[in-house]
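The residues making up each chain are set out below.
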Amino acid sequence: MLTVTVALPKERGGLDGGVVYFDSEGGFSPERLAEMATSRFEGEVVPKEFLRKIFVFPVQTSAALLSNLCSAQFEELIVDSGVRLIVVDSVASIARREFGSSHIALRQETLSQEAARLKQLAEVFQLAVLVTNQVTTAYARGAEVSNDLVAAMVTPSLGLLWFHAVNTRLTLAYSSVRVQGADVREMTVAKSPVSPVVTVVYQITGAGLRAVNPTQVPLRRSSNNFWSPNDGLQSRPLEAR
């Protein structure tokens, strides 16, 4: 949805900018992109100029990602194509493939390099960076849990270094509520330098995201940047620099 919005011409409500999409999971769908774009062009043929603004790079390793990010050719692409958004989907899948539990220090060093380079690109070229992460389960014992039971809490993966590296964290979660026969999802601003913790509800349609009246959905409330223990939700963090 963000890819489409950024690449759309300004008269269609977009930024008329380029988008670079690093795909590490094979999840980028040209068909889905075309479906959303067609709705924004109101059924007209999607112009080739729009499609030429989107650059997809399949990456399978951290070395490949860093090589692309740090190359002079990549900076030229940003300038020549007016890139306004870089997407990395997802940073966690690369890290989990490459680094086992015995290589945590190397993983953290690599993630630090990736985060630093993405922040540098965002600042120098005044563009946005969106990185998708995965989730893991953290456990608490002792005083936090009565009767010496174990409490499980869903939390962003990749550890504290990555947790603090991002500027803004948006968490996405499924809701058990259905509105007009369709699934509802929630997006929470879990970390932000400019916004309090707030949740919005939406549905995914052929045209993209559609806002849902929050009075139709009972929202969970949380005082921290994690999710509620054992809430049974499938969540995914989106992280921006």
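Remember, predicted model here, so these are calculated numbers, not experimental data.

Caption draft 1: Looking closely at the overall build of the protein chain. In terms of helices and strands, the protein chain carries eight helices and 11 strands. Among the 241 residues that make up the protein chain, the fraction classed as buried is 42%. Counting contacts in the protein chain only where the partners sit at least 6 residues apart, residues at least 24 apart contribute 65% of the total. Summed over all atoms, the accessible surface of the protein chain reaches about 12,800 Å², with 55% contributed by carbon and sulfur.

Caption draft 2: Seen up close, the packing of helix 5 (residues 72–80) against helix 7 (residues 104–125). In contact at an axis separation of 12 Å, helix 5 and helix 7 are set at 35° when each is read in the N-to-C sense. Our pair here, helix 5 against helix 7, has a crossing hand that is right-handed. Contacts from Phe74, Glu75, Ile78 and Val79 of helix 5 reach helix 7 at Arg117, Leu121 and Phe125. Taken together, the residues of the contact of helix 5 with helix 7 sort by class into five nonpolar, no polar and two charged.

Caption draft 3: How the structure looks around the pairing of strand 7 (residues 168–179). Where strand 7 and strand 8 (residues 182–191) come together, eight bridges link them in antiparallel fashion. Paired with Val179 across the strands is Ala182, a residue of strand 8. Linking strand 7 to strand 8, which pair antiparallel, is a turn of two residues; within it Gln180 sits at a positive phi near 55°.

Caption draft 4: Seen up close, the confidence of the model for the protein chain. In this model, the protein chain carries an average pLDDT of 85, and 85% of its residues clear a pLDDT of 70 or more. Note on residues 221–234: pLDDT is under 50 here. Beyond four places in sequence and across chains, it has 28 contacts.

Caption draft 5: Structural context of helix 2 (residues 30–40). When we look at burial in helix 2, the residues that qualify are Leu33, Met36 and Ala37. The buried residues of helix 2 occupy an angular sector of 100° when projected down its axis, which confines them to one face. Packed against the buried residues of helix 2 are helix 1 (2–7), helix 3 (48–51), strand 2 (54–58) and strand 10 (208–211). In the stretch just after helix 2, Glu42 is the one whose phi turns positive, near 55°.

Caption draft 6: How the structure looks around the pairing of strand 4 (residues 128–132). Strand 4 sits mainly inside the fold: four of its five residues count as buried. Inspection of the sheet shows strand 3 (residues 83–89) paired to strand 4 by five bridges, in the parallel sense. Bridge pairing in strand 4 links Val87 to Leu130.

Caption draft 7: The environment of Pro193, seen in detail. Positionally, Pro193 belongs in the loop between strand 8 and strand 9 (198–205). Sequence-wise, Pro193 and Thr168 are 25 residues apart; in three dimensions their C-alpha atoms are separated by 7.2 Å. In contact with Pro193, not counting residues within four places along its chain, are Asn167 and Thr168.

Caption draft 8: Spatial organisation of unusual backbone geometry. Cis rather than trans, the peptide bond between Asp89 and Ser90 has omega equal to -5°. In this structure, Ser90 sits in the loop between strand 3 and helix 6 (91–98). A positive phi angle is found at Gln126, which is not glycine, with a value near 55°. If you trace the backbone, Gln126 turns up in the loop between helix 7 and strand 4. Non-glycine residue Gln180 carries a positive phi angle of around 55°. Mapped onto the elements of the fold, Gln180 is located in the loop between strand 7 and strand 8. Given a relative accessible area of 72%, Gln180 falls into the exposed group.

Caption draft 9: Layout of the nonpolar core. Judged by nonpolar contacts, the single largest core of 28 residues is most densely connected at Phe22, Phe74, Ile86 and Trp162. Contributing elements (two or more residues each) for this core: strand 1 (18–23), helix 4 (62–70), helix 5, strand 3, helix 6, helix 7, strand 4 and helix 8 (159–165). Of the residues forming this core, the biggest block, five residues, is contributed by helix 7. Leaving out residues up to four positions away in the same chain, Phe74 has contacts with Val20, Phe22, Asn68, Leu69, Ile86 and Leu121. Grouped together as the second largest cluster of nonpolar side chains are 17 residues, Val4, Leu8, Leu33 and Phe50 included.

Caption draft 10: Highlighting the packing of aromatic side chains. Evaluated as defined, the whole model comprises five aromatic pairs. Ring centres of Phe57 and Phe74 lie 6.4 Å apart, and the angle between their planes is 75°; on these two criteria the pair is classed as edge-to-face. Of the two residues, Phe57 sits in strand 2 while Phe74 sits in helix 5, which places them 17 residues apart along the sequence. The exposure class assigned to Phe57 is partly exposed, which follows from its relative accessible area of 23%. Here a set of aromatic residues connected by ring pairs shows up, and it is made of Phe22, Phe57 and Phe74. Sitting above the plane of the Phe163 ring, Lys191 keeps its charged end 5.6 Å from the centroid.

Definitions and limits used
Each chain has its residues counted from 1, following the order in which its sequence is written. In keeping with the predicted nature of the model, local features appear solely for residues at pLDDT of at least 70, side-chain atom pairs appear and are counted solely at 80 or more, and the whole-chain, interface and lining totals rest on all residues. The side-chain values count all of the structure's non-hydrogen atoms but skip hydrogen atoms and water molecules. Numbered from the N terminus, helices here are DSSP runs of H or I no shorter than four residues, and strands are runs of E no shorter than two. The classification of residues rests on relative accessible area computed with a 1.4 Å probe and restricted to protein chains. Under 20% of the type maximum is buried, over 50% is exposed, and intermediate values are partly exposed. Only heavy atoms matter for contacts: two residues are in contact if any of them lie within 4.5 Å across the pair. Accessible surface is estimated by sampling points in the Shrake-Rupley manner with a 1.4 Å probe; for residues, cover comes only from the protein chains shown. Axes, fitted as lines to C-alpha atoms, cover a helix only where it is in contact. Angles between the N-to-C directions of the axes lie from 0 to 180 degrees. For any helix crossing, the convention is left-handed if the near helix is rotated counterclockwise from the far helix by under a right angle, and right-handed if that rotation is clockwise. Gly counts as polar in this scheme, as do all residues outside two lists: the nonpolar Ala, Val, Leu, Ile, Met, Phe, Trp, Tyr, Cys and Pro, and the charged Asp, Glu, Lys and Arg. A strand pair is defined by DSSP finding two or more bridges across the two strands. Along the chain, pLDDT gives the predictor's confidence residue by residue, from 0 to 100. Summarising the geometry, the arc corresponds to the directions from the helix axis toward the C-beta atoms. By nonpolar core we mean a set of buried residues, namely Ala, Val, Leu, Ile, Met, Phe, Trp, Tyr and Cys, connected to one another through side-chain atoms within 4.5 Å. When the centres of two rings from Phe, Tyr and Trp lie within 6.5 Å, Trp using its six-membered ring, the rings pair. Their planes under 30 degrees apart give stacked, over 60 give edge-to-face, and anything left gives tilted. Charges are assigned to positions over rings by a cutoff of 6 Å between ring centre and Lys NZ or Arg CZ, combined with an angular limit of 35 degrees from the ring normal.

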